[in-house]
Amino acid sequence: MIFVTGGAGYIGSHTCVELLNAGYDVTVFDNFSNSSPEALVRVQRITGRKLQIIQGDCRDRSALIAALQQSRANAVIHFAGLKAVGESVSKPLNYYDHNVVGALRLLEAMQTCHVQTIVFSSSATVYGDPVYLPITEDHPLSPTNPYGRSKWMIEEILRDAYRSDSLMRICILRYFNPVGAHDSGLIGEDPQGIPNNLMPFIAQVAVGRREHLNIWGNDYSTHDGTGVRDYIHVVDLAIGHIRALAALKNINSAQNDQSSGCMTVNLGTGQGYSVMDVLRAYEKVSGCRIPYQIAPRRSGDIAACYADPQLASQVLGWKARFDLEAMCRDSWRWQSGNPSGYQQ
Ligand code: NAD
Ligand code: UDP
């Protein structure tokens, strides 16, 4: 049984589909602060399988203990948390509370319930402004905002937890830029309010919910002047979690290698695309024109960021399969079929 915190969210719901399809039983623990229970109804429709749903908050240790006991979970995937970089600057304490305190309470509850395996959602944001590209896992960590620092702090807490208990099995996954949706068109990203991220914004322009895209800067030192990122299909990302669970299970506990039970792995494609590349690919698959305006650079943005994904291939046997066109096509199928997201 896998206990999935934040399982109703964007990445969590896609991961639940892959877990159920791979034969795992799943309990979702979510407070639905940034998601809809409808996502889980659809996960069950896609897979034809049931999952257990427990509404609760990760900062509530006793609720976590009760839920872990009820679920009889033997591993946790921890997605729950807040993720808007800009909001983390204006509400840092809220971010440290949900993210750091939430992770701490979860680890305490796991200890109480003797659950020793965890896969954690970290982010490429922990690297900050890249010193070199592509980014390997040993790139220096220098997050530039409270959201990124909350992820970095949780990573350190996990590494310390492992140092104190080498029977723990920990996989820290540093995601690059998750986009796209399940190819059923039934689940996808459903941001509340104005989307911060590029692809959901483009999707809302294409479907007519917004007039035009603001391109935040076209004077970066990239091939066309717009920012470059490593976009990764959310289904590839979800499969990365299944591989992580399998890799953790295969670690030999007799092995006395200090690092073996605690891995940190990038999940990206290794390929960078610019804002203009994404816009053109989206226009191609949707058949819609995406009006845009060039606007000043967004504060805190970097020119380019993409992963070296080789470690994921070596230790998880994982490689991204979907290309940019598939990411845009699946995003468009979700957005055009559900123009208002889960709210019908
Ligand atoms: P999301 O907001 O769609 O999902 C997060 C889920 O956690 C939501 O269902 C929300 O209701 C729940 N949640 C939030 N705080 C909670 C709490 N205190 N207790 C219980 N549930 C809570 O986000 P997502 O895009 O699916 O991201 C999942 C994880 O991946 C997050 O930790 C995020 O920081 C990380 N991540 C996301 C991205 C991205 O671009 N989407 C990139 C890198 C890392
Ligand atoms: N971007 C943009 N307009 C938007 C949103 C994003 O031009 O409305 C650009 C942004 O400047 C960056 C890229 O798209 O170069 C990806 O931004 P996103 O916020 O999705 O990811 P992040 O910057 O956090 O990696």
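It should be noted that the structure appears before, not after, this text.
Now for a look at the structure at hand. (Residues numbered from 1 in each chain as written. Chains lettered and ligands numbered in written order. Predicted model: local features only at pLDDT ≥ 70, side-chain atom pairs only at ≥ 80, totals over all residues. Heavy atoms only, no water.)

### Re the packing of helix 1 (residues 10-21) against helix 8 (residues 234-249)
At step 1: Between helix 1 and helix 8, the least distance of the axes is 8 Å, while the angle of their chain directions is 60°. The pairing of helix 1 with helix 8 is recorded here as oblique in orientation. You can see that helix 1 and helix 8 cross each other, and the crossing is right-handed. In contact with Tyr10, Ile11, His14, Thr15, Glu18 and Leu19 of helix 1, helix 8 contributes Val234, Val235, Leu237, Ala238, Ile239, His241, Ile242 and Leu245.
At step 2: A breakdown of the residues in the contact of helix 1 with helix 8 according to their chemical character gives 10 nonpolar, three polar and one charged. (Axes fitted to C-alpha atoms, helices over the stretch in contact; angles between N-to-C directions. Helix = DSSP H or I, 4+ residues; strand = E, 2+ residues; numbered from the N terminus. Parallel < 35°, antiparallel > 145°, perpendicular 65-115°, else oblique. Left-handed = near helix turned anticlockwise from the far one by under 90°. Contact = heavy atoms within 4.5 Å. Nonpolar A, V, L, I, M, F, W, Y, C, P; charged D, E, K, R; others polar.)

### Considering the site of ligand 2
At step 1: In the vicinity of ligand 2 lie 14 residues, with Leu198, Asn214, Arg229, Arg298 and Asp301 positioned nearest.
At step 2: A distance of 2.8 Å separates an oxygen atom of ligand 2 from a polar side-chain atom of Arg298.
At step 3: A distance of 2.5 Å separates an oxygen atom of ligand 2 from a polar atom in the side chain of Asp301.
At step 4: Protein contacts shield 87% of the accessible area of ligand 2, which totals 520 Å² for the unbound molecule.
At step 5: With four residues, the single largest contributor to the shell around ligand 2 is strand 8 (residues 213-216). (Near = heavy atom within 4 Å. Polar contact = N/O pair within 3.5 Å; in protein donor to acceptor, adjacent residues only side chain to side chain. Areas by Shrake-Rupley, 256 points an atom, 1.4 Å probe, with all protein chains shown as cover.)

### Let's talk about empty space enclosed by the protein
At step 1: Tallying each qualifying case throughout the model produces two cavities of 30 Å³ or more.
At step 2: Tyr10, Val179, Gly180, Glu189, Met199, Pro200, Ala203, Ser331, Trp334 and Gln335 are the residues that line the largest cavity.
At step 3: Elements with a minimum of two residues in the lining of the largest cavity: helix 7 (198-206) and helix 11 (324-337).
At step 4: Of the residues in the lining of the largest cavity, the class split is six nonpolar, three polar and one charged.
At step 5: In this structure, the second largest cavity occupies an estimated 30 Å³ of space.
At step 6: Residue lining of the second largest cavity: Glu189, Asp190, Pro191, Gln204, Arg209, Trp334, Gln335, Asn338 and Gly341, and that is the complete set. (1 Å grid on protein atoms, 1.4 Å probe; cavity = no way out; pocket = protein on both sides within 12 Å on 5 of 7 lines; lining within 4 Å. Points joined across faces, edges and corners; volume = space filled by probe spheres on them.)

### Section: helix 1
At step 1: The terminal C-alpha atoms of helix 1, which comprises 12 residues, lie 17 Å apart, in line with the 16 Å expected from a rise of 1.5 Å per residue.
At step 2: Here helix 1 lies mainly inside the structure; 11 of its 12 residues are buried.
At step 3: Within the span of helix 1, buried status applies to Tyr10, Ile11, Gly12, Ser13, His14, Thr15, Cys16, Val17, Glu18, Leu19 and Leu20.
At step 4: Gly23, located one to two residues past helix 1, shows a positive phi value of around 95°. (Expected span 1.5 Å × (residues − 1). Buried < 20%, exposed > 50% of the residue type's maximum accessible area, 1.4 Å probe, protein only.)

### Points about the layout of surface pockets
At step 1: Taken as a whole, the second largest pocket encloses approximately 280 Å³ of empty space.
At step 2: Looking at the lining of the second largest pocket, the element that brings in the most residues is helix 8, giving three residues.
At step 3: Partitioned by chemical class, the residues of the lining of the second largest pocket number seven nonpolar, four polar and two charged.

### Examining the site of ligand 1
At step 1: As a matter of local geometry, ligand 1 sits amid 26 residues, with Asp30, Asn34, Ser35, Lys83 and Tyr147 nearest to it.
At step 2: Within the backbone of Ile11, a nitrogen or oxygen atom sits 2.8 Å from an oxygen atom of ligand 1.
At step 3: Between Asn31 and ligand 1, the recorded distance is 3.2 Å, taken from a backbone N or O atom to a nitrogen atom.
At step 4: Sort the elements by how many residues they give to the shell around ligand 1 and strand 5 (residues 117-123) lands first, with three residues.
At step 5: A breakdown of the residues in the shell around ligand 1 according to their chemical character gives 10 nonpolar, 12 polar and four charged.

### Overview of the nonpolar core
At step 1: In terms of nonpolar packing, the biggest core is built from 44 residues, with Leu173, Leu267 and Leu316 touching the most fellow members.
At step 2: At nine residues, the largest contribution of residues to this core is made by helix 8.
At step 3: Contacts of Leu173, omitting those with residues within four sequence positions, involve Val119, Phe120, Ser121, Ser122, Ser123, Gly240, His241, Ala244, Val265, Leu267 and Leu316.
At step 4: Membership of the second largest hydrophobic core comes to 29 residues, among which are Phe29, Val76, Ile154 and Leu158. (Core = buried A, V, L, I, M, F, W, Y, C linked by side-chain atoms within 4.5 Å.)

### Comments concerning the packing of aromatic side chains
At step 1: Applying the stated criterion across every chain, the model contains four aromatic pairs.
At step 2: Relative to Trp332, the ring of Tyr282 lies with its centre 6.2 Å away and its plane at 80°, an arrangement referred to as edge-to-face. With Tyr282 in helix 9 (residues 275-286) and Trp332 in helix 11, the pair connects residues that are 50 residues apart, well separated along the chain.
At step 3: For Trp332, a relative accessible area of 16% gives the class buried.
At step 4: Positioned above the aromatic ring of Phe201 is the side chain of Arg210, whose terminal nitrogen or guanidinium carbon lies 6.0 Å from the ring centre. (Phe/Tyr/Trp six-rings, centres within 6.5 Å; stacked < 30°, edge-to-face > 60°. Lys NZ or Arg CZ within 6 Å of the ring centre and 35° of its normal.)

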